[in-house]
Amino acid sequence: MTEYVLTAIDTTQIQGYIFGSNRLQENIGGSELVEMATHQWVYEALPAAHNVVNVTTGEFDNSRTIDTLNAEVIYAGGGNTVILFKTIDLARAFTGRLTRRVLKEAPGLEVVVAHRRFDWEREALSQVVSTTLGVDLARKKQNRMPPMPLLGLGVTVPCASTGLVASGIVEKKPVSLEIRAKTKVQDQSTARLKAKLPQIERGNWDIPRDFDDLGRVKGEDSYIAVVHADGNGIGRRVDAIARRYDTPQRNREYIEAIRTFSQSLERAATQALSSVVDLMAGAFIADAELANRHRQQFPLRPIVFGGDDVTFVCHGSYGLSLAVRYLEAFEAATQHEPAFEGKPAYACAGVALVKTHYPFARAYRLSEELCRSAKRMLKQEGIDGSALDWHIAMSGITGSLEAIRYREYTVPQGDLHMRPVLLRASTHTWRNWSAFSTLLDQFIDEDGEWFDRRNKVKALREALRDGPAAVQEFLRTYQLRQLPRAPAINVSGYETTGWAGDRCVYFDAIEMMDFFTDLEKRVQAFKHSSQEAEHDGL
């Protein structure tokens, strides 16, 4: 019998830990501490003789295996880290080193660890991993003692961000141990961002340190977009790998397959985020006026990145453009990764557009809810693809997304919104990004008949609320034959009624008119003019 110990590590309540502050620097610091606690600190706590050859990058030596080591990291990704240890004593000593460091250097972050002994020769490792993650770790989370932060003793000063007892002063504000720890890793977070996304440094643009730097432009309302994207069906792919290698004889093959998949997913997500940065950088290069409006502050800041679960913030009017670019790039990147076997992975995104000083934790929760809304649409329609949903919070948000939409977007005819929308056209539904963006473009195109006709647009918006008969009366009043058309809409009659069944076709486009900048179009126009200039020069 060859007995090893499988150790699984997870963090809990990370949304609150990362997004619980209204200060961008503290959100970024929280994200960096979570990243370090689940990667670099894990590797540094391993006993001597392990398979991690670079603790900073997490590079593994696949030729080094547990039979000659004290510890072998199987994979680190998807929020979990899974490790093999030679003995339970080594596993427990590792846990002590890691958790002490987390307590000391990342106050407030909760780490859960589960160990399971198993027989390498008689038990399928894939099943042991599934049980440890799905049962042991879940039970540990459920039964853990809740944290009891010290709320104060005698005369104390509360932290400006968390309300906990302050232990120091940062930037003239009293802060708790948690905020001090998040502040300390700012430079490290920026260095990691530049290493993964070097385009920002090459452009010599400043990386924003405050939400105002992202959303505030002179002469405009200050809005930021919180974009949360999450891969579809990643768990099903992991389960499929486990089923494929479900015998003890294939344990080593399982390790290689799940590690390759985890690394492929990491690369694909990084490439997708890099493509988002390329689009923003391309728009800055294409339009000098755009860069000057932002005072050379790059209006995009990833907060959580490195897996299929990605969150970034940007200037409000760029949110939809960048979200669409991420979804497109994620599909393309996974299609070219061998671990995905030519079957691209899809993702959904939620975009919450809020004022710069809106409570950030609430904005993030809204972006998560929007992402789930897009996933529900795919499930209901039986579609394997990508989708996105968005919401503009022009005032305070109360209630769930469903309640908000019932209150603000439901009229006797049906739903005023077409959201969520598919990334690509489908025979299942006309609600897709191409349809929406085509209609929006006709409303905001400077050469179009709707541009600078605010009274007409306002009248159309009210007519849409009142239903198809009111829209037909609107067309007669303004002597219009029909409303703008979009080839991607595969239903008839909407041009004269404004509605397709119980869904309004135009309301979303009208609402988004003041909150959208087509970055892709700006970049393409610049490339076209550059090619013409080059051709003329020849």
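All of these numbers come straight from a predicted model, not from anything done at the bench.

A. Local environment of the overall build of the protein. Secondary structure assignment for the protein yields 21 helices and 18 strands. At 26 Å, the protein has a C-alpha radius of gyration in line with the 24 Å of a compact globule built from 538 residues. Seen through its principal axes, the protein has C-alpha atoms that stretch 85 × 60 × 60 Å. A buried classification covers 54% of the 538 residues belonging to the protein. Carbon and sulfur atoms make up 48% of the accessible area of the protein, which amounts to about 24600 Å² in all. Charged side chains of the protein number 65 positive and 69 negative; the gap between the two group centres comes to 5 Å.

B. A look at the packing of aromatic side chains. Going through the model one piece at a time under the given rule, you end up with 21 aromatic pairs. A centroid spacing of 5.3 Å and a plane angle of 70° characterise the contact between F443 and W450, whose relative ring orientation is edge-to-face. Across the pair, exposure class does not vary: F443 and W450 are buried alike. Among the aromatic side chains, those forming a connected cluster through ring pairs are F443, W450, F474, Y478, Y494 and Y506. Sitting over the face of the ring of Y409, R419 holds its NZ or CZ atom 4.8 Å from the ring centroid.

C. A look at unusual backbone geometry. P420 follows R419 through a cis peptide bond whose omega is -5°. If you check the backbone angles, Q13 has positive phi at about 55° while not being a glycine. Along the chain, Q13 falls in the loop between β1 (3-12) and α1 (14-19). Look at K172: it is not a glycine, yet its phi comes out positive at around 65°.

D. Structural detail: the packing of helix α10 (residues 234-244) against helix α11 (residues 251-286). The geometry of α10 relative to α11 is characterised by a closest axis approach of 10 Å and an angle of 160° between their N-to-C directions. Accordingly, the angle class assigned to the pair α10 and α11 is roughly antiparallel. Once α10 is placed against α11, the crossing between them reads as right-handed. Note on element contacts: α11 touches α10 through Y254, A257, I258, F261 and L265, opposite I234, R237, V238, I241 and A242. Of the residues in the contact of α10 with α11, the class split is 9 nonpolar, no polar and 1 charged.

E. Inspection of the sheet that holds strand β9 (residues 223-231) at higher detail. The strand order across the open sheet built from 6 strands is β10-β11-β9-β12-β13-β16, with neighbouring strands paired in mixed fashion. The open sheet terminates on both sides in strands that have one partner only, identified here as β10 (300-304) and β16 (421-422). Where strand β12 (residues 347-355) meets strand β13 (residues 387-392), 6 bridges bridge the pair, whose relative direction is parallel. The residue bridging A349 from the neighbouring strand is L388, located in β13.

Conventions adopted
Residues numbered from 1 in each chain as written. Predicted model: local features only at pLDDT ≥ 70, side-chain atom pairs only at ≥ 80, totals over all residues. Heavy atoms only, no water. Helix = DSSP H or I, 4+ residues; strand = E, 2+ residues; numbered from the N terminus. Rg over C-alpha atoms; globule rule 2.2 N^0.38 Å. Buried < 20%, exposed > 50% of the residue type's maximum accessible area, 1.4 Å probe, protein only. Areas by Shrake-Rupley, 256 points an atom, 1.4 Å probe, with all protein chains shown as cover. Lys, Arg positive; Asp, Glu negative; His and termini not counted. Charge placed at Lys NZ, Arg CZ, Asp CG, Glu CD. Phe/Tyr/Trp six-rings, centres within 6.5 Å; stacked < 30°, edge-to-face > 60°. Lys NZ or Arg CZ within 6 Å of the ring centre and 35° of its normal. Axes fitted to C-alpha atoms, helices over the stretch in contact; angles between N-to-C directions. Parallel < 35°, antiparallel > 145°, perpendicular 65-115°, else oblique. Left-handed = near helix turned anticlockwise from the far one by under 90°. Contact = heavy atoms within 4.5 Å. Nonpolar A, V, L, I, M, F, W, Y, C, P; charged D, E, K, R; others polar. Pairing = 2+ DSSP bridges.

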